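Structural characterization, general
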Amino acid sequence: MENNNKKIQTNSFKPSDAVNMGATIGVSDISTAQPLSRPKYSLTDSICAWMCFALGFIFTRYVCGYAGGLWGGIFWASVGALGAVYVRHKALKVTRAQIAVFIISEFFCLTPIFCANGFVNTLAAMFSFALMFYLAVSVSGAALFGKHFVIDALSGILARPFMSFTHSPRAAFWLFKGGKEGQRSKTVLYVLLGLLCAVPLTIVVVVLLMFSDSAFESVMDTFLSGFANVSFALFWQIFFAVPIGMYLFGAVFSSTKPAWSYSEEAPIYRFLPPPIAYTAVTPICVFYMIYIITQLGYFTAAFGGELPEGYSYSEFARRGFFELCVIAVINLCVITLMQALVRRGDGDRRPKTLRVYTIIISVFTLLLITSALSKMILYIKELGMTQLRIYTSWFMLLLAVIFVIIIVLQIKEFSFWKVMFAAFSVMMGVLCFGNIDGMIARYNVSAYQCGALNEFDFNAMYYLGAASVKPVSELLRDENSQYNTEQFLGTVLSDLNGLDDFAYFSIQKVSAEKICEKNGIKAETWEYEYFRF
């Protein structure tokens, strides 16, 4: 296709592509089938392959070595930038919507700068990773957040990178080929050979210079001593960097290959006869109804702020909350399988019975989620906030949003996955950039100061890390808790001092260190018990 006399590579699927991709060939096609053509690589492919190997090493050495830190954000931001440059050089067609999704994926790579929580940073990295690899499928021709989003996303993460796995070494070593296309790369090979020849001569010269001058000898001793500290772990980091680099390049390179196509009228994965699905789900719905009736008093007690007899606040919230979390996840899986596998009518329209069953299960799940969150609110009012209580509540709110969207979809058709992406991005944004750990600490300090909490639980605050320092420092003015507060801040400061300044850099960490310095807090070690839910 030509646009303004500039060639743009499109991603339309051609019959010849089916042959090259290993599609099934009928007997009648054997006489006309073309032999498998060897893929042609370019300088862009070769440079990208080597960059992916370098990124693989960064992952094994720094991302894994400093888990949950700044290196994770740097790594995925670099992967996204490399993919964007590759797509640009390949002149692949990109829409504004795809650019917007790419910007969002890069934005979440900034999470470690604003958040010192390793768990949250890991979730943000996983979100960016999923978006980037899905974009590689979308650029290759798949509809962005279309009807087949789940399959496209899974293929972008689990299938297509491995289908292009072996292209990485071939593209990398294309740089050293001769010939017309490799004339430029031939020069690179000569440069490398020249450097190799320079090694023995350089060693001799350096040794002689070391003997001739003590200052130069001191500098070189310092430089060479660093190599003595290289451990055997470096070998394994390089070893595993190779397959990781091949996987990364496979994902990027697959963006030039046609996306998988599906029949919009009757996708191949919708094979399940409706009676089987409805029969399988009906007993579950019946037992759910019985379960609600028999446990009605237990599940609705929290709505009135009452604690059932024989339960502590911890037992009441823990038993009800996590059981209902599991049920909500099971229901989401059941609905997903029904919507994906059940055969549909003309035009891939959902049967009314399927809609009814989906709404019944979704409404039941929303009831359970509301009951569970009510119990958690009662628990928090009595004993305060912790990470586990708030993060599990966030997860239940996310499930509630998903089920509401599912119910609306059964009533009115709309672009489901686009709405889901927007909702999930907002929820992830709140988690990553909302300073949730700081909010937990502020609530507990405020509740303690106003008398809502009888005692302040420093054990719970300890696992909030740097985010807890600013709110907890307000208790330094409280004579009853001043000593414990100084010990707490000193322990947190000691932990922060033990972290690598660059790998675990964050605004929260820098702010916490300044607050401790301002209040004259000295680093000390104080044992805190592991806080449970």
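Residues numbered from 1 in each chain as written. Predicted model: local features only at pLDDT ≥ 70, side-chain atom pairs only at ≥ 80, totals over all residues. Heavy atoms only, no water.

1. What to know about the overall build of the protein
The line we're drawing: Think of it this way: any DSSP run of H or I at least four residues long counts as a helix, any run of E at least two long counts as a strand, and we number them from the N terminus. Buried means the residue's accessible area, taken with a 1.4 Å probe over protein chains only, is under 20% of the maximum for its type, while exposed means over 50%, and partly exposed covers the values in between. We call two residues contacting when some pair of their heavy atoms lies within 4.5 Å. Each accessible area value is a Shrake-Rupley result obtained with a 1.4 Å probe; residue values ignore everything except the protein chains displayed when judging cover.
Along the backbone of the protein there are 22 helices and 2 strands. Going through the 533 residues of the protein one by one, you find that 42% of them count as buried. Taking as baseline every contact in the protein between residues at least 6 positions apart, the subset at least 24 positions apart corresponds to 76%. Per element, the accessible surface of the protein, about 29,600 Å² overall, is 66% carbon and sulfur.

2. Remarks on the pattern of salt bridges
Inclusion rule: Salt bridges are defined as contacts in which a side-chain nitrogen from Lys or Arg sits within 4 Å of a carboxyl oxygen from Asp or Glu.
Inspection of every chain in the model, using the stated rule, returns 5 salt bridges. Note that Lys509 is salt-bridged to Glu513, the shortest N-O span being 2.9 Å. Residue Lys509 and its partner Glu513 are both found in helix α22 (residues 507–518); the two are separated by 4 residues, about one turn of the helix. Each of Arg350, Arg355 and Glu413 takes part in a single network of salt bridges with overlapping partners.

3. Quick look at helix α15 (residues 352–383)
We count it as follows: Expected helix span is computed as 1.5 Å times (number of residues minus one).
With 32 residues, α15 ought to run about 46 Å at 1.5 Å a step, and its terminal C-alpha atoms sit 46 Å apart, in line with that. Phi turns positive one or two residues past the end of α15, at Gly384, with a value near 90°.

4. Here's the deal with the nonpolar core
Heads up, the condition is: By nonpolar core is meant a set of buried Ala, Val, Leu, Ile, Met, Phe, Trp, Tyr and Cys residues that side-chain atoms within 4.5 Å join together.
Ile369, Phe403, Phe456, Met461, Val472 and Leu489 are the most contacted members of the largest nonpolar core, which totals 87 residues. With 13 residues, the top contributor of residues to this core is helix α16 (residues 387–411). In this structure, Phe456 is in contact with Asn444, Val445, Tyr448, Met461, Val472 and Leu475, ignoring residues within four places of it in sequence.

5. Quick notes on the packing of aromatic side chains
Stated formally: A pair of Phe, Tyr and Trp rings is counted when the ring centres sit within 6.5 Å of each other, with Trp represented by its six-membered ring. The angle between the planes then sorts it: under 30 degrees is stacked, over 60 is edge-to-face, the rest tilted.
A complete count under the given rule lists 39 aromatic pairs for this structure. Both rings, one in Tyr278 and one in Tyr357, keep their centres 5.4 Å apart while their planes meet at 0°; by these two values the pair is stacked. Of this pair, Tyr278 sits in helix α12 (residues 274–294) while Tyr357 sits in helix α15, and the two are 79 residues apart along the sequence. Classification of Tyr357 by relative accessible area gives buried; the value is 17%. Ring centres of Phe456 and Phe458 lie 4.9 Å apart, and the angle between their planes is 70°; this geometry places the pair in the edge-to-face category. Comparing Phe456 with Phe458, the two get one shared label, buried.

6. Quick word on helix α7 (residues 149–163)
Spelled out, the test is: What we call the bend at a residue is the angle made by axes fitted to the seven residues finishing there and the seven residues starting there.
Of all the bends in α7, the greatest, near 50°, is centred on Gly156. Within the sequence span of α7, burial applies to Phe149, Asp152, Ala153, Ser155, Gly156, Ile157, Arg160 and Pro161. Where α7 is buried, its residues contact α6 (118–139), α11 (233–253) and α17 (416–433).

7. Looking at unusual backbone geometry
Glycine aside, the phi torsion of most residues is negative, and most peptide linkages are trans. At Ala91, a residue that is not glycine, the phi angle is positive and equals roughly 55°. Here Ala91 shows up in the loop between α3 (70–89) and α4 (96–107). Ala91 sits in the partly exposed class, given a relative accessible area of 21%. At Asn435, a residue that is not glycine, the phi angle is positive and equals roughly 50°. Along the polypeptide, Asn435 turns up in the loop between α17 and α18 (436–449).

8. Comments concerning the packing of α7 against α11
The angle between the axes and the distance between the axes are what describe a pair of packed helices. Here is the rule: Lines fitted to the C-alpha atoms define the axes, with helices restricted to the stretch that makes contact. Angles between their N-to-C directions range from 0 to 180 degrees. Here roughly perpendicular refers to angles of 65 to 115 degrees, roughly parallel to angles under 35, roughly antiparallel to angles over 145, and oblique to all remaining angles. Residue classes follow a fixed rule: Ala, Val, Leu, Ile, Met, Phe, Trp, Tyr, Cys and Pro count as nonpolar, while Asp, Glu, Lys and Arg count as charged, and any other residue, Gly among them, counts as polar.
In the contact formed by α7 and α11, the axes pass within 7 Å of each other and the chain directions differ by 95°. Accordingly, the angle class assigned to the pair α7 and α11 is roughly perpendicular. Packed against α7, whose contacting residues are Ile157, Arg160, Pro161 and Phe162, the element α11 presents Tyr247, Gly250 and Ala251 at the interface. When its residues are assigned to classes, the contact of α7 with α11 shows 5 nonpolar, 1 polar and 1 charged.

9. Some remarks on the packing of α12 against α15
Selection rule: The handedness criterion is simple: a crossing whose near helix is rotated anticlockwise from the far helix by less than a right angle is left-handed, and one whose near helix is rotated clockwise is right-handed.
As a packed pair, α12 and α15 sit with axes 11 Å apart at the nearest point and diverge in direction by 30°. The angle between the axes of α12 and α15 places the two elements in the roughly parallel class. Between α12 and α15 lies a crossing of left-handed hand. Packed against α12, whose contacting residues are Tyr278, Val281, Thr282, Cys285, Tyr288 and Ile292, the element α15 presents Thr353, Leu354, Tyr357, Ile361, Phe364 and Leu367 at the interface. Classifying every residue of the contact of α12 with α15 gives 10 nonpolar, 2 polar and no charged.

10. Here's the deal with the environment of Ala400
Inspection of the secondary structure puts Ala400 in helix α16. Look at Ala400 and you get buried, because its relative accessible area is 16%. For the pair Ala400 and Thr365, spaced 35 residues apart in the sequence, the C-alpha separation amounts to 8.1 Å. Once residues within four sequence positions are removed from consideration, Ala400 is found in contact with Leu366 and Ile369.

11. Details of the environment of Leu110
By secondary structure assignment, the location of Leu110 is in the loop between α4 and α5 (111–114). In sequence terms Leu110 and Gly73 are 37 residues apart; their C-alpha atoms lie 6.1 Å from each other.

12. Notes on the environment of Pro243
Position of Pro243 relative to the elements: it lies in helix α11. A relative accessible area of 33% places Pro243 in the partly exposed class. Placed 187 residues apart in sequence, Pro243 and Gly56 show a C-alpha to C-alpha distance of 7.8 Å.

13. A few points about a nonpolar patch on the surface
So the rule is basically this: Surface patches are drawn from residues lacking salt bridges whose relative accessible area is over 30%; two like charges belong together within 9 Å, two nonpolar side chains (Val, Leu, Ile, Met, Phe, Trp, Tyr) within 5 Å.
Together, Leu193, Leu196, Val199, Ile203, Val207 and Phe211 make up an exposed nonpolar region whose accessible area comes to about 610 Å². Mapped onto the secondary structure, Phe211 falls in helix α9 (residues 183–212).

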